[in-house]
Every structure is written in C-alpha cells, then in structure tokens.
Amino acid sequence: MYGRKACQLVKELASGEKGQLTPYNSDLFDQVIAECSQHHLELQSLIRKMQEEGLDVQTTRNADHFGALIHHLSLVRNKRCLMAYVYNRAEIIRSLIWKVGPVLPQEIQEKLSHTEEEYFKKHSGALQSYMSRLDLDLTVDMVPPKDPYIQVRVLDDIGVVLSDDKTTNFAHHSMHFLKRTDAEQFISRGLMEELTG
C-alpha cells in the first residue's frame with residue numbers, strides 16, 4: 001500500500017521519548033525517497049498518456065486521471081511525512097545546543113546522519129558567533145541562581161583548565177568550588193556533577 005513506509009517513519013519518530021533522538025533510519029528514509037521517485041514517474045507516464053490521447057488533463061475524468069490523482073496524493077503524503085521527520089529531528093538537534101553545549105556526546109553523534117551533524121555544527125557555530133559578538137553566554141541558566149558558586153565533583157579527567165584568573169587541574173573524582181558559569185559547560189557535557197546539600 002502506498003505511503004506505508006512514510007507512515008512507519010513518522011511513527012518511529014513519534015514512538016521515541018519527547019526531546020530524545022532515535023537513531024537516524026537512513027534505510028527507511030531512502031526507501032520512501034525511492035517510492036516518491038516511482039510515484040513521480042508513474043504520474044508523468046499517466047499524464048503523458050492522456051495528452052497523447054488528446055484528452056484535457058484538467059477536465060477528463062477517466063481511469064488514467066484517477067490513477068494520476070492517486071500517485072499525486074501519495075507523492076504529496078510521502079513528502080509531508082519526510083518533511084515532518086526531518087523537521088522534528090532538526091528541532092531536537094537545535095535544542096541540544098542549549099542542553100549539552102557546542103560539543104555533542106558520542107552517544108548522540110551516533111544517532112545523527114552526516115547532514116544532521118553538519119547542521120548541528122553550523123547552527124552551533126552561528127550561535128557561538130552571535131554570543132561572542134554580544135559578549136554574552138546565552139547557554140547558562142535562564143533562572144538566576146541563589147548562589148553564583150557551586151561545589152562540583154569531576155567525573156572524568158579533564159586536565160588543567162584556565163578559568164577567569166587562575167589555572168585549575170580537574171583530576172578524576174576531585175571536588176572544586178567554582179563559579180556556576182565556569183562549571184556549566186562541563187556539567188552539561190557530563191564531565192562534572194553538581195554536589196547539593
């Protein structure tokens with residue numbers, strides 16, 4: 001049945017957790033593209049056949065007209081499903097910049113297609129360029145913290161990092177008292193955790 005694969009692609013997207021990426025299904029995506037190409041060829045063939053018979057394509061209501069209509073509507077439906085799939089994935093990818101920062105963790109990168117990785121890099125680059133021109137970091141919390149300093153534990157060996165006025169060695173399992181803005185980038189990437197209480 002026409003459109004079943006495209007519908008399956010959208011269902012796959014909808015079945016995932018909200019705001020979470022499922023692995024990019026390139027096989028099914030390519031099958032839907034191939035089906036669209038086939039519908040396009042069939043549509044052209046039927047219209048050409050009607051024109052060769054001297055029939056007006058706009059007013060004639062015969063089997064070829066309705067066949068062409070079915071192929072046209074199937075093509076439009078498949079394209080809408082493909083666009084929904086791409087658009088929703090792009091929305092999630094854009095939101096990742098605010099959650100994890102400009103560098104994607106490996107487990108998320110594995111779920112992206114090559115074009116989605118490029119999209120993330122370009123979008124992230126544009127956002128970084130905008131923030132540097134404003135001299136303002138927009139990725140920090142939107143709600144002001146009660147205390148500008150937090151205590152953190154290093155989860156992965158980061159090494160020596162230069163902050164505002166000093167260098168600090170972030171060794172594995174070490175604990176530090178840092179400015180929230182300095183720690184945010186490491187917390188969002190899973191390299192540190194905030195200690196509460």
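As a reminder, the structure under discussion sits directly above these lines.
Residues numbered from 1 in each chain as written. Predicted model: local features only at pLDDT ≥ 70, side-chain atom pairs only at ≥ 80, totals over all residues. Heavy atoms only, no water.

Draft legend 1. Inspection of unusual backbone geometry at higher detail. Even without glycine at this site, histidine 173 takes up a positive phi of about 70 degrees. Its place among the elements puts histidine 173 in the loop between β3 (167-170) and β4 (175-179). (Helix = DSSP H or I, 4+ residues; strand = E, 2+ residues; numbered from the N terminus.)

Draft legend 2. Summary view of a nonpolar patch on the surface. On the surface, Phe66, Leu69 and Leu73 cluster together into a nonpolar patch covering about 270 Å² of accessible area. Positionally, leucine 69 belongs in helix α3 (residues 63-100). For leucine 69, a relative accessible area of 35% corresponds to the partly exposed category. (Patch = residues over 30% accessible without salt bridge, like charges linked within 9 Å, V, L, I, M, F, W, Y side chains within 5 Å. Areas by Shrake-Rupley, 256 points an atom, 1.4 Å probe, with all protein chains shown as cover. Salt bridge = Lys/Arg side-chain N within 4 Å of Asp/Glu carboxyl O. Buried < 20%, exposed > 50% of the residue type's maximum accessible area, 1.4 Å probe, protein only.)

Draft legend 3. Highlighting the sheet that holds strand β1 (residues 149-154). Spatially, β4-β1-β5 is the arrangement adopted by the 3 strands of the open sheet, whose pairing is antiparallel. The strands lining the two open edges of the sheet, one partner per strand, are β4 and β5 (192-195). Ignoring strand direction, the axes of neighbouring strands in this sheet form an average angle of 45 degrees. (Pairing = 2+ DSSP bridges. Axes fitted to C-alpha atoms, helices over the stretch in contact; angles between N-to-C directions.)

Draft legend 4. Layout of helix α6 (residues 180-188). Those residues of α6 lying buried are Arg180, Ala183, Glu184 and Phe186. Looking at the buried residues of α6, the elements they touch are β1, β2 (159-162), β3, β4 and β5. In the stretch just after α6, glycine 190 is the one whose phi turns positive, near 80 degrees. (Contact = heavy atoms within 4.5 Å.)

Draft legend 5. Local environment of the pairing of β2. By the bridge criterion, 4 bridges tie β2 to β3 in an arrangement that is antiparallel. Counterpart to glycine 159 in the pairing with β3 is phenylalanine 170.

Bear in mind that shape data such as this cannot, by itself, settle questions of function.
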